[in-house]
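Observations on the model geometry
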Amino acid sequence: MYIKSLSTIFLLLVIHSLPGTTSSKTLDQKQKEHEMLFANYQLVDLSHSLNSGVPTWDGSCGFHLKMKCDYTDCESETKFRIHRVEMNAGIGTHLDAPHHCFSEGTSIDQLSLSHLMVPAAVIDIASKAHANYLLSVEDIHDFEIKHGKIPPDHLIIIYTGWSSYWPDSNRYRNLDVQGLMHFPSISAEAAQYLVDHQAVGIAIDTLSPDLPSTDYPVHRLVLGCGTYIIENVANAHLLPPYG
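Residues numbered from 1 in each chain as written. Predicted model: local features only at pLDDT ≥ 70, side-chain atom pairs only at ≥ 80, totals over all residues. Heavy atoms only, no water.

Let us look at the sheet that holds strand β11 (residues 228-231). Reading across from one edge, β5-β11-β10-β8-β6 is the order of the five strands in this open sheet, with mixed pairing throughout. Whereas interior strands pair on both sides, the edge strands pair on one side only; in this sheet they are β5 (94-96) and β6 (120-124). Along the sheet, successive strands turn relative to each other by an average axial angle of 20 degrees, direction set aside. Pairing of strand β10 (residues 201-204) with β11 involves three bridges; the strand directions are parallel. Bridging from a neighbouring strand, Gly-201 pairs with Tyr-228 of β11. Contacting β5, β10 and β11, helix α5 (residues 217-224) crosses the sheet at an angle of about 135 degrees to β11. (Pairing = 2+ DSSP bridges. Helix = DSSP H or I, 4+ residues; strand = E, 2+ residues; numbered from the N terminus. Axes fitted to C-alpha atoms, helices over the stretch in contact; angles between N-to-C directions. Contact = heavy atoms within 4.5 Å.)

Turning our eyes to something else, we now look at the pattern of salt bridges. Scanning all chains against the criterion turns up six salt bridges. Note that Glu-86 is salt-bridged to Lys-66, the shortest N-O span being 3.4 Å. Residue Glu-86 is located in strand β4 (residues 82-87), and its partner Lys-66 is located in strand β3 (residues 63-69); the two are separated by 20 residues in the primary sequence. Of the residues examined, Glu-86 reaches a relative accessible area of 26% and is grouped as partly exposed. For Arg-84, the salt bridge is made with Glu-86, and the minimal N-O distance between the two is 3.1 Å. Overlapping salt bridges, with partners in common, bring together Lys-66, Arg-84 and Glu-86 in one network. (Salt bridge = Lys/Arg side-chain N within 4 Å of Asp/Glu carboxyl O. Buried < 20%, exposed > 50% of the residue type's maximum accessible area, 1.4 Å probe, protein only.)

Moving on, we come to the confidence of the model for the protein. Summary statistics for the protein give a mean pLDDT of 88 and a share of 90% for residues scoring 70 or more. Considering only residues more than four positions removed or in separate chains, one finds that residues 1-22, a stretch of pLDDT under 50, has 40 contacts. (pLDDT = per-residue confidence, 0-100.)

In this section: the packing of aromatic side chains. Taken as a whole, this structure holds five aromatic pairs when the rule is applied. Between Trp-166 and Tyr-172, the ring centres sit 5.2 Å apart and the planes meet at 85 degrees, which makes this aromatic pair edge-to-face. The same class applies to Trp-166 and to Tyr-172, which are both buried. Here a set of aromatic residues connected by ring pairs shows up, and it is made of Trp-57, Phe-183 and Tyr-216. (Phe/Tyr/Trp six-rings, centres within 6.5 Å; stacked < 30°, edge-to-face > 60°.)

Here Asp-139 lies in helix α2 (residues 137-147). Taking the relative accessible area as the measure of exposure, Asp-139 reaches 6% and is therefore buried.

On the surface, Leu-37, Phe-38, Tyr-41 and Leu-43 cluster together into a nonpolar patch covering about 440 Å² of accessible area. In this structure Leu-43 comes out as exposed when scored by relative accessible area, which is 56%. (Patch = residues over 30% accessible without salt bridge, like charges linked within 9 Å, V, L, I, M, F, W, Y side chains within 5 Å. Areas by Shrake-Rupley, 256 points an atom, 1.4 Å probe, with all protein chains shown as cover.)

A separate point is the packing of α2 against helix α4 (residues 188-196). Where α2 contacts α4, the axes come no closer than 8 Å and their chain directions differ by 45 degrees. Classified by the interaxial angle, the pair formed by α2 and α4 is oblique. Seen from α2, the contacting residues are Val-137, Ile-140, His-141 and Glu-144; seen from α4, they are Glu-189, Ala-190, Tyr-193 and Leu-194. Class assignment of the residues belonging to the contact of α2 with α4 gives a composition of five nonpolar, one polar and two charged. (Parallel < 35°, antiparallel > 145°, perpendicular 65-115°, else oblique. Nonpolar A, V, L, I, M, F, W, Y, C, P; charged D, E, K, R; others polar.)

The following block contains the structure:
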């Protein structure tokens, strides 16, 4: 059984009344007005579905959706189906807040919505990325030459193409004979460049911007300056360079 990632929560704000509208309007009229709000937007779901076999950092089964009570179990006239979700934090598409590495850092609930509802820049390195590839400052410069300088206050999404292996845990985790994972990640120099240019967050379509064989320099740099990280991004190939 699948469920969308609970680790990262995206909120859509439903506007119940627009300027100039009244409660006397019909549901169809209100629905049409709401649809007009998004007429010029294409919404893209950037989260993976979860099941008990999805790739996780340590390879263990990190997610279970269990039936706590089914319709036939209910003695009341009104029947209910109730599920129980068991999962480790940090699986699926999720956000790492500064508090993940720093005790005094901002936790997820303390992040400002203004830092979450932001424009994005998508740096596509899928044509060159391999299992040990590191996003470089040169890659960022190449993107800016082609698409223009990245403005401040953007979420920077790194599309490596590795998301195509989801949910195949063996291919996505890509263990070598010593049990170490290999997947595209981000160099400390590139992370520093993005932080220096005031990115509000850095996202990537792999398990992490750091390989476990390193001492997690990207986490240290990015979270240490109050910026956040999003891991296991899905569908980044559907996004424009800026959006």
